[in-house]
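Per-entry structural report
Each chain, written out:
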Amino acid sequence: MEFFGSLQSMGIEAGTGLLFALLLLLLVTGIPLAFVTLLVTLIFALGWFGPNVVPLITSRVYSFVSSFVFVSVPMFVLMAAILDRSGIARDLFEAMRLIGGRIRGGVAVQTIFVAVVLAAMSGIIGGEVVLLGLIALPQMLRQGYDRRLAIGVVCAGGSLGTMVPPSIVLIIYGLTANVSIGELFTAAFVPGFMLALLYVGYILARAYLTPGAVPDPVREPVPAAEKLRLLKGLFLPILVVIMVLGSIYGGIASVTEASAVGVAGVMLSTILRGEFSWSLLRGAAMQTLQTVGMIVWIGIGASALVGVFNLMGGIKFVSELITGISDTPIIIILFMMAILFVLGMFLDWVGIALLTMPIFVPIVIDLGYDPVWFGVLFAMNMQVSFLSPPFGPAAFYLKSVTPPDISLGEIFRSLLPFIMLQILAVAMLILFPGIAMY
Amino acid sequence: ADYEFKFQSSDPAGNPNFELQKTWAADVAEKSEGRIAIDLLPVESIVAHNETQDAIATGILDGHITDLSYFAGKDPAFGLMGNPVGAWSDPQQMLDFVDNGGGAELLNEIENPYGLQFIGATTPGLEAFVSAKPLEGVADLQGLKMRAPEGLVQSVFAAAGASPVNLPGSEVFTSLDKKVIDAADYSVFSTNQAQGLNDVAQHPVYPGFHSLPLVEISMNKTKWDDLPEDLQAVLTQSVKDFAQRQIAALAEADEKAVAEAKEGGEITVHDWSADERAKFRTIAQGEWEKVAAQSPNAQKVYDTLTAYLTEKGLVSQ
Amino acid sequence: MTDEEEVVREEHTAIPEAGAFGRLVDRVAILPAMGIVAAMAILIQEVVLRYVFAAPTIWAHETTVFLCAIAFIFGGLLCASRDRHIRVVLVYDYLPAGLRRVFDIVISAVCALSSAAFAWAAWLMVQRAAWRPDGSFHLETSGSAWNPAYPGLLKILLMVALGLLAIQFLILAINYAKGRR
Ligand code: NA
Ligand code: NA
């Protein structure tokens, strides 16, 4: 077989180029995403080395699916699937309309608030986008929000999980860079909040400046009895939030365990509302299996690709690329941002983190920058990667639970303003490191 | 270079251990006058930390620098050899056992069939114990909710009366911070300090009493056998030198971190008495026997280990 | 006061082209799906045992990870049977129906081929996880104090799932070629 090992002669530069070209080409042909990255990985495993390297891929698949950090993803999706099948979400958003309906865009702003609360309950993304996609999106559309605005709010808000502490991105970074995870969390708090505020600012700007973006405020007075009925809709969701956050911050459960507490809370709520049934649980569990299958298989390919690329000599290639670019530290940092941005177009965050952290961290420390600050900057860059096309995980997660009439293209178009806001946040972190290092 | 090898470390890129391991790679190049070039890769860059053995055997990787106990699932012997909890109170004892007590020969007897050649051992040193509660001895371990990931460490602490919780490394910080657990088996003092663990659990026990991991440097057996003898000797010697360099460097880092921690005033460093350490070791030895019963190789490790310890007067039996 | 129109929810099933095999996958999937619910219950139990009774188990976390891993693996198979893997259809959507069918056939065939390659590679992995070098049978265990054979089992399940995935894509390719709907 002359193909086996033949690619190696092209060298790592051309090889990297071919790898990305192939990714892009296969991405747009309609091959299931999970298999795009897996296929490119297979081609390079065989073409660069030979059949004996293919077990590297299955080894990484095995390690990926059996890693503890993803356990909270099915928990959040299960929570979402149960909520979706009960009347809880609808009652919650009706109550939110009662509270925030008097300001333009009030419900969307509250959705960002809900997203921040969810982000404080989880360290990873996937589950929250699905949750908001199942719950907030239909309700916002029903209340008359502009489709694109609503989609953007859900994807951008749902991605905050790794920016607002706790965050698995920051934990992995802390382990890689040997810096305090506590300091990383503290440093990420204000930038995460700032990002959420940028989203709120954008929503309000759209609400007041672009007619039709949000529904008209509720003007007619609501009778007291009706108010009471609606406010009851808030009671159970708030109770669940208290259970989850209480179990984390009260030292009762670890972050992952707390996501299971959330599921139990939501299940209990449906039982209290008399909505619980075997078929509800069955349907929710099946939907969860399908959704996590989709979510996890997207990451599987990226993780495998990184393994093969590193074996090809990727680490050395990328670090020489970076150190060779300039002697000015800030140029190197900006170049790293550019690399993260480009990788964000092709890879899942796990792949990006696995690939770049080991390369960037020693360089950043050498340059004399604070590794804690860079960790927050890294997490902010991952926010961009969740949304940026053509490989935007948050968009994919949302797509997996929305009706077919919302196309991936429309989702990505909806995300553009939010990506701009994220890039603005990245720029602010670089210009004013004090945002993280107060 | 005549020989180019890819080695994967079990440490992340920014970890001081990894920085030290790079000096080993450089030293090999120097000692072999450029005939061997080692490309050292950080943890997870090719395969996961507990998958390197397979990757080396199948020729994907050429070698690894890793904690032997990661392979306890393949054979309990690796767990007992990698971290015989309570056996060592000084890194030099462990290295002497490997070099002169039959450890290296035994390891090759066990690893060769797996397709690996053991070159030599090193260690980051005696790990420090992370705790939020003041611990002065074995009695204080009673009911202590603590993280312990590995088999033997877990059983020994359970036997000592603690409640081991099997948490992954990524959840240790948050769980300590929120008091889900009170204590953790994690790493050496300087690493614990750098990652902020001592800030959230302010009663570390240093020097530790529970864990001194054997970090092995080993490589694909066929590729080892293909090396000329002089280069094999270079590799063996380079690992010996590296072990001394690493132990010295990390001991220094530990002392510096301990001094800083004490100066900060918030952290209380506890040191167990010789009596308490001996009590813990006795409990641990009971658990070694249980591991020994799990496989013929583990029994061999147990026999060789106890013979060495008895000969050196480190255990009274 | 609120309009009573329900939010439309699609319940997905295996697509016709997935054949009887796909319907079977769809039916059997309830097992790994309930595994997620079981994982949730185990985590809750662990929290209660640890917090209330100060008696954590040694098996809860490993079992949770094991159940979730099975769900992740078989979720991927289920998505293949249901055609619910995300696809970027930028080019695909603009193709005429005939060419689109060719794409469907080729894509399914390519996925079948690569899944088969991975199943073979997983077999090599299983050989090292299910047998000792001396040839005796020994499933790789986790190495923890409880020491379950989850790693060995999971590697076998992964190999099986990849094999099933190859079969599913092959059936899809054949049915797309037949033009059956
Ligand atoms: Na979070
Ligand atoms: Na992206």
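Because the structure is a prediction, the values reported are computed rather than measured. (Residues numbered from 1 in each chain as written. Chains lettered and ligands numbered in written order. Predicted model: local features only at pLDDT ≥ 70, side-chain atom pairs only at ≥ 80, totals over all residues. Heavy atoms only, no water.)

Considering the coordination of the sodium ion (ligand 1)
Residues and elements named next belong to chain A. Heads up, the rule is: Any N, O or S atom lying within 2.8 Å of the metal counts as a donor, with the limit raised to 3.2 Å for Na, K and Ca; because water is left out of the atom set, some sites can appear incomplete. Only DSSP runs of H or I reaching four residues or more are called helices, and only runs of E reaching two or more are called strands; each is numbered from the N terminus. Type-normalised accessible area, obtained with a 1.4 Å probe on protein chains alone, sets the label of each residue: buried when under 20%, exposed when over 50%, and partly exposed for intermediate values.
All of the protein donors around the sodium ion (ligand 1) are Ala119 (O), Ser122 (O), Gly161 (O), Val164 (O) and Pro166 (O); their distances to the metal are 2.2 to 2.4 Å. Binding-site remark: the sodium ion (ligand 1) is held by donors from one chain whose sequence spacing is A-x2-S-x38-G-x2-V-x1-P. Of this pair, serine 122 sits in the loop between α6 (106-121) and α7 (127-142) while valine 164 sits in the loop between α8 (147-158) and α9 (168-177), and the two are 42 residues apart along the sequence. Each member of the pair, serine 122 as well as valine 164, is classed as buried.

Looking at the domain arrangement of chain A
Residues and elements named next belong to chain A. What counts is decided by this rule: Either an automatic procedure or a domain database provided the assignment from which the domain bounds are taken. By definition in these notes, contact holds between two residues if any of their heavy atoms fall within 4.5 Å. Here the quantity called buried area is the accessible surface, traced with a 1.4 Å probe, that two parts lose on coming together, added over both. We define a salt bridge as a contact between a side-chain nitrogen of Lys or Arg and a carboxyl oxygen of Asp or Glu at a distance within 4 Å. Two N or O atoms form a polar contact when they lie within 3.5 Å of each other; inside protein one atom must be a possible hydrogen donor and the other a possible acceptor, and for residues adjacent in sequence the pair counts only when both atoms belong to side chains. Three residue categories are used. Nonpolar comprises Ala, Val, Leu, Ile, Met, Phe, Trp, Tyr, Cys and Pro, charged comprises Asp, Glu, Lys and Arg, and polar comprises the others, including Gly.
By the assigned domains, chain A splits into domain 1 (1-66 + 301-310) and domain 2 (67-276 + 313-435). For domain 1 versus domain 2, the separation of C-alpha centres amounts to 30 Å. At the junction of the two partners, domain 1 supplies 20 residues and domain 2 supplies 19 residues. Each partner contributes to the roughly 1600 Å² buried at the junction of domain 1 and domain 2, and carbon and sulfur atoms together form 80% of this total. Counting the surface domain 1 buries against domain 2, the share from its top three residues, Phe20, Phe64 and Asn310, is 29%. Where domain 1 touches domain 2, the interface holds zero salt bridges. At the junction of domain 1 with domain 2, the criterion picks out six residue pairs in polar contact (both at pLDDT 80 or more). Elements that contribute at least two residues to the side of domain 1 that touches domain 2 include exactly α1 (11-28), α2 (33-49), α3 (54-65) and α13 (278-311). In terms of residue class, the side of domain 1 that touches domain 2 is made up of twelve nonpolar, six polar and two charged.

As for the pattern of salt bridges
For the structure shown, the criterion picks out 33 salt bridges over all chains. Between A:Arg147 and A:Asp405 there is a salt bridge, with the nearest N and O atoms lying 3.0 Å from each other. On the criterion of sequence distance, the pair formed by A:Arg147 in helix α8 and A:Asp405 in the loop between α18 (393-399) and α19 (408-431) is long-range, its members being 258 residues apart. Overall, the relative accessible area of 27% leaves A:Arg147 in the partly exposed class. A single network of salt bridges, built from pairs that share partners, joins B:Glu51, B:Asp54, B:Lys74, C:Arg128, C:Glu140 and C:Lys155.

Some thoughts on the side chain of B:Asp62
Residue and element names in this part refer to chain B. Mapped onto the fold, aspartate 62 is located in the loop between α2 (52-57) and β3 (63-67). The buried category is assigned to aspartate 62, whose relative accessible area is 9%. Within the local environment of aspartate 62, its side chain forms a polar contact with the side chain of lysine 223, the two groups lying 2.5 Å apart. Each residue touching aspartate 62, except ones within four places of it in the same chain, is listed here: Glu4, Phe5, Lys6, Phe7, Ile56, Ser218, Met219, Asn220 and Lys223.

Observations concerning the sheet that holds strand β8 (residues 183-185) of chain B
Residues and elements named next belong to chain B. Here is the rule we go by: In short, DSSP must find at least two bridges between two strands for them to pair. Fitted lines through C-alpha atoms serve as axes, helices being fitted only where they are in contact, and the angles separating the N-to-C directions of these axes extend from 0 to 180 degrees.
Ordered in space as β5-β8-β6-β7, the four strands form an open sheet in which the pairing is mixed. What marks the edges here is a single partner per strand, and that holds for β5 (129-131) and β7 (163-165). Each strand axis lies, on average, 30° off the axis of its neighbour in the sheet, ignoring direction. Sheet topology places β5 next to β8; three bridges connect them, and they run antiparallel. Paired with phenylalanine 129 across the strands is aspartate 185, a residue of β8. The strands touched by helix α6 (residues 151-159) within the sheet are β5, β6 (145-147), β7 and β8, with β7 carrying the most contacts at an inclination of about 155°.

A look at the interface of chain B and chain C
Each partner contributes residues to the interface: chain B has 22 residues there, and chain C has 22 residues. In terms of surface lost to chain C, no three residues of chain B exceed B:Gly73, B:Lys74 and B:Asn166, which account for 27% of the buried area on that side. One can count three salt bridges joining chain B with chain C. In this structure, B:Glu51 engages C:Lys155 in a salt bridge whose closest nitrogen and oxygen atoms are separated by 2.7 Å. Here chain B and chain C share eight residue pairs in polar contact (both at pLDDT 80 or more) between them. Listed by contribution, the elements that provide at least two residues to the side of chain B that touches chain C are α2, α6 and β7 of chain B. Considered class by class, the residues forming the side of chain B that touches chain C number nine nonpolar, eight polar and five charged.

What to know about α19(A)
Put simply, the test is: An expected span of 1.5 Å times one less than the residue number is assigned to each helix. Axes are fitted to the seven residues ending at a residue and to the seven starting at it; the angle between these axes is taken as the bend at that residue.
The terminal C-alpha atoms of α19(A) lie 34 Å apart, and with 24 residues this matches the ideal 34 Å at 1.5 Å per residue to within 8%. Along α19(A), the sharpest change in direction is near 40° and occurs at A:Leu416; proline A:Pro417 comes one to four residues later.

A closer look at the coordination of the sodium ion (ligand 2)
All names here are of chain A. Protein coordination of the sodium ion (ligand 2) is provided by Gly344 (O), Ser385 (O), Ser388 (O), Ser388 (OG) and Phe391 (O), with donor distances spanning 2.1 to 2.5 Å. Each donor residue of the sodium ion (ligand 2) lies on the same chain, and together they follow the pattern G-x40-S-x2-S-x2-F. Taken together, the positions of glycine 344 in helix α15 (residues 329-344) and serine 385 in helix α17 (residues 371-387) put the pair 41 residues apart, joining distant regions of the chain. Serine 385 shares its class with glycine 344; the two are buried.

Here we look at the interface of chain A and chain C
Taken residue by residue, the interface counts 70 residues in chain A and 69 residues in chain C. Contact between chain A and chain C buries roughly 6000 Å² in total, counting both sides, with carbon and sulfur atoms accounting for 76%. A per-residue breakdown of the area chain A buries against chain C is headed by A:Tyr62, A:Leu289 and A:Gln290, which together make up 12% of the total. There are one salt bridge connecting chain A and chain C. As a salt-bridge pair, C:Arg50 and A:Glu257 come within 2.6 Å of each other at their nearest N and O atoms. Joining chain A to chain C, the criterion identifies ten residue pairs in polar contact (both at pLDDT 80 or more). Residue contributions to the side of chain A that touches chain C peak at 13 residues, all from α13(A). Residue composition of the side of chain A that touches chain C, by class: 46 nonpolar, 14 polar and ten charged.

Quick look at the pairing of strand β4 (residues 116-122) of chain B
Residues and elements named next belong to chain B. Burial of β4 is extensive: seven of the seven residues sit out of reach of the surface. As defined by bridge partners, β4 adjoins strand β9 (residues 215-220) across six bridges and the pair is classed as antiparallel. Bridge pairing in β9 places leucine 116 opposite asparagine 220.

Some thoughts on the pairing of β3(B)
Residue and element names in this part refer to chain B. Buried residues dominate β3, accounting for five of its five residues. Residues of β3 alternate between two faces, with Gly63, Ile65 and Asp67 on one and His64 and Thr66 on the opposite face, all of them buried. Pairing of strand β1 (residues 3-9) with β3, which is carried by three bridges, proceeds in the parallel orientation. When the bridges of β3 are listed, phenylalanine 7 appears paired with glycine 63. Examined bridge by bridge, β3 and β9 share five bridges and lie antiparallel to one another. By the bridge assignment for β9, glycine 63 is matched with methionine 219.

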